[in-house]
Structure formats: structure tokens, C-alpha cells
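Structural description and commentary
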Amino acid sequence: MKILVLPGDGIGPEITAATLAVLRSLDARHSLGLSFEIQEIGLASLARQGTTLPQSVMEAVPHFDGVILGPVSHYDYPSREKGGINPSGALRVGFELYANVRPCRSRPDLTILRKPMDLIIVRENTEGFYADRNMFSGGGEFMPDPDMALAFRKITAKGSARVARAAFEIARKRRRKVTAIHKANVMKMTDRLFLREVRKVAADYPDVALDEQIVDAAAALLIRKPDHYDVIVTTNMFGDILSDEASELCGSLGLAGSINAGDEHCVAQAQHGSAPDIAGRDIANPTSLILSAAMLLDWRGRRDDDPTLVQAAAELERCVESALDDPKTRTRDVGGELGTSAFAQAVCDRIGAGAS
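Core analysis: the largest hydrophobic core is formed by 70 residues, its most contacted members being I68, L316 and V347. Of all the elements, helix 9 (residues 287–303) adds the most residues to this core, at 9 residues. When residues no more than four places from it in sequence are discounted, the contact partners of L316 are V22, L23, L26, I290, A294, V347 and I351. Counting residues in hydrophobic clusters, the runner-up holds 19 residues, among them L4, L69, Y77 and I85.

What the 10 strands build is an open sheet, ordered 2-1-3-12-11-4-5-10-8-9; its pairing is mixed. Taken across any chain shown, the strands that pair with only one partner, and hence form the sheet edges, are strand 2 (35–38) and strand 9 (209–214). With strand direction ignored, the average angle separating the axes of adjacent strands in the sheet is 25°. Bridging between strand 1 (residues 2–6) and strand 3 (residues 66–69) involves 4 bridges; their strand directions are parallel.

All right, on to helix 4 (residues 87–94) then. Within helix 4, 6 of the 8 residues are buried, leaving the element largely enclosed by the surrounding structure. P87, S88, G89, A90, L91 and R92 are the residues of helix 4 that are buried. Those residues of helix 4 that are buried lie in contact with strand 1, helix 3 (55–60), strand 3, strand 5 (118–124), strand 11 (259–261) and strand 12 (266–269). Between the side-chain oxygen at the start of helix 4 and the backbone nitrogen of S88 there is a gap of 3.1 Å, and the oxygen is on N86. The first or second residue beyond helix 4 is E96, which carries a positive phi of 50°.

Rules of the game
Residues numbered from 1 in each chain as written. Predicted model: local features only at pLDDT ≥ 70, side-chain atom pairs only at ≥ 80, totals over all residues. Heavy atoms only, no water. Core = buried A, V, L, I, M, F, W, Y, C linked by side-chain atoms within 4.5 Å. Buried < 20%, exposed > 50% of the residue type's maximum accessible area, 1.4 Å probe, protein only. Helix = DSSP H or I, 4+ residues; strand = E, 2+ residues; numbered from the N terminus. Contact = heavy atoms within 4.5 Å. Pairing = 2+ DSSP bridges. Axes fitted to C-alpha atoms, helices over the stretch in contact; angles between N-to-C directions. Polar contact = N/O pair within 3.5 Å; in protein donor to acceptor, adjacent residues only side chain to side chain.

In C-alpha cells, the structure reads:
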């Protein structure tokens, strides 16, 4: 399996190095045939090549079996005209990575929830209110005058249907329930179109229950009744916000894995940002990117009908959970004492010992 590695900005290079160390340990144990090619993006490539996303990177993606993308400091990039392209958004749109899959499972001694959470949020990834990816040409925001800014929301039948189908496929392998989150009481055209397509897809899955819920209520019920949910499907911005909320409720945003998946390609990406304030100090928690890499292996294994990859992904997740279960092998942000590289070593030790 050939993996393209894009370390990104801020803590990206550190947590990417930790993730690769863990994957190499897993490869040594299971002979997975993993290989990695590292290419620059973000502020590093901006300084050397005048763009945060070189065309060579986009051209390389189809030649790899998956991509690992470190966090990027998109907020600090210059305008697109000056080379500031959001790699995350460009990859999602360019390769039709329409489903952002974010599992959220509470950990007993880290969560603040009174009831357990075990859900997956499937977020539409290529349109919605995200101005850097919802127009064919130009952006989805503009200012008619200095005191007015407008933003467009793009919802399509195609985008809604395919993310709904991804959610129902996942739910069919779990507890067979999908909750569609919306704001159709206010967004009467766009969210009603989204719901129309979700309901159409639901008709193809009579064995999976469909529930519909307004986003306001969902934000509250994630706290009060987290066990109400199995799989959530929603539009881009709602999914982004709710998945961050759910991950933090489970223990920390730094513990949440995530993949951006389409029919042909998949990008593993940590849920959190680039945290430039702690970059270079070996204290960032690499768990999110490591778990995202495990999800990438699982996606590839299922797509290629390769049980070895699927089993290795499951083992990697168990080893990460084992390290998190022991307060002595947690990172500092979740009450432990380890830094980035030491936590990665703790996971590698468990892989080597078969402690899964």
C-alpha cells in the first residue's frame, strides 16, 4: 500500500512523524507492504514554491492508495491569488471526497458525559456554506460594499444523496439507525432538498431506521442523550461543528480520528487544527492522526477485500486504546505525562508485544 504523506503546518510534522513511526511498527509486525512518500504543502511549500498546494501534489494523489494529511494553518494563508489554497478543501473537492467520517466513542475516565456515546458522524464534505469549495469558479463569499458581506450555501441532490448512502451503509453494519440533522424550519429550500434526498436513499434501506432532528436539538441531546445516536448524517457546517462537540464530550478533540472518503480515494486527516502555539515542543497529542491512519487502512482493506489490512487497522486502534487506558501512557493534554514521540513509542511497544 503506497501512502502519500503531507505533513502540513504547525504541529503537523510532529504528529505525522509519530503516525509514521506507528505505521512502520505495524508494517513490521504484519508485513503489510506499506510505503510512504512525503511531499510539502502549506507554509513550507508557499515559501519554496509560491503555493500552499503545489500542482505536483494534486497530480500525485491518484497514483497512491491513500493520503495522510497533517493539519494546516489555512487561517494564516494569503489569498488564493497569492498562493493560499486550502489543501483540505481542494483535496476534498478535487477528488470528490464527499464523506467526512468521524467516529465518536466516549472513554469512561476522560468523558464528561453521564451516558456513553458511540456514534459516527457522516458529514457532507464538498459543498454547503464552505466558501472555498462551493463554487466552480470564484468563492462563495463576496462584499458588495465595505460594510456588507454575503455568503452562499450550496446544497445539491447529488451531494446529499451520496453522503446519505454512505451513512446508511455504515449504519447497516452497526445498530441500524440514521439520524438526519438539519435546519429545515429556517433553511426551507436547501435543507428540505437535503432531507428529500436522504428520505429517497432511506427507502433503499428498509432495515435501517431513519430519524430526523433539528440541529439545535441535536447539539443539546448529544450532551443529555448521547446514546440516542448511532449514525448521524448532515450537511457540511453542521457536521463540522457537531463532530467537534461530540469528540470533545468523549474526552478530547485530540482523540478523534477522521477520514475524507470518496468512491476512489481516501484521505486520513486529524480532526483538530495545527496548534502553532505548541509546534516544535513535542507535546502535541498524535492520537487523532494515528486513529485516522487506522481508518485509512480499514477503508483500503475493505475496498480491496484485503482482510490483513482490515485486521491490522483494528489492532492499531486497540493498541491506541490500550495506551490511552493507562494514565501513565497518556499525553499531557489528557492528564498524562508523555509527549508526542513518547506516546507513539508506547503504541509501538504494544504493537510489538501483540498487546491488543
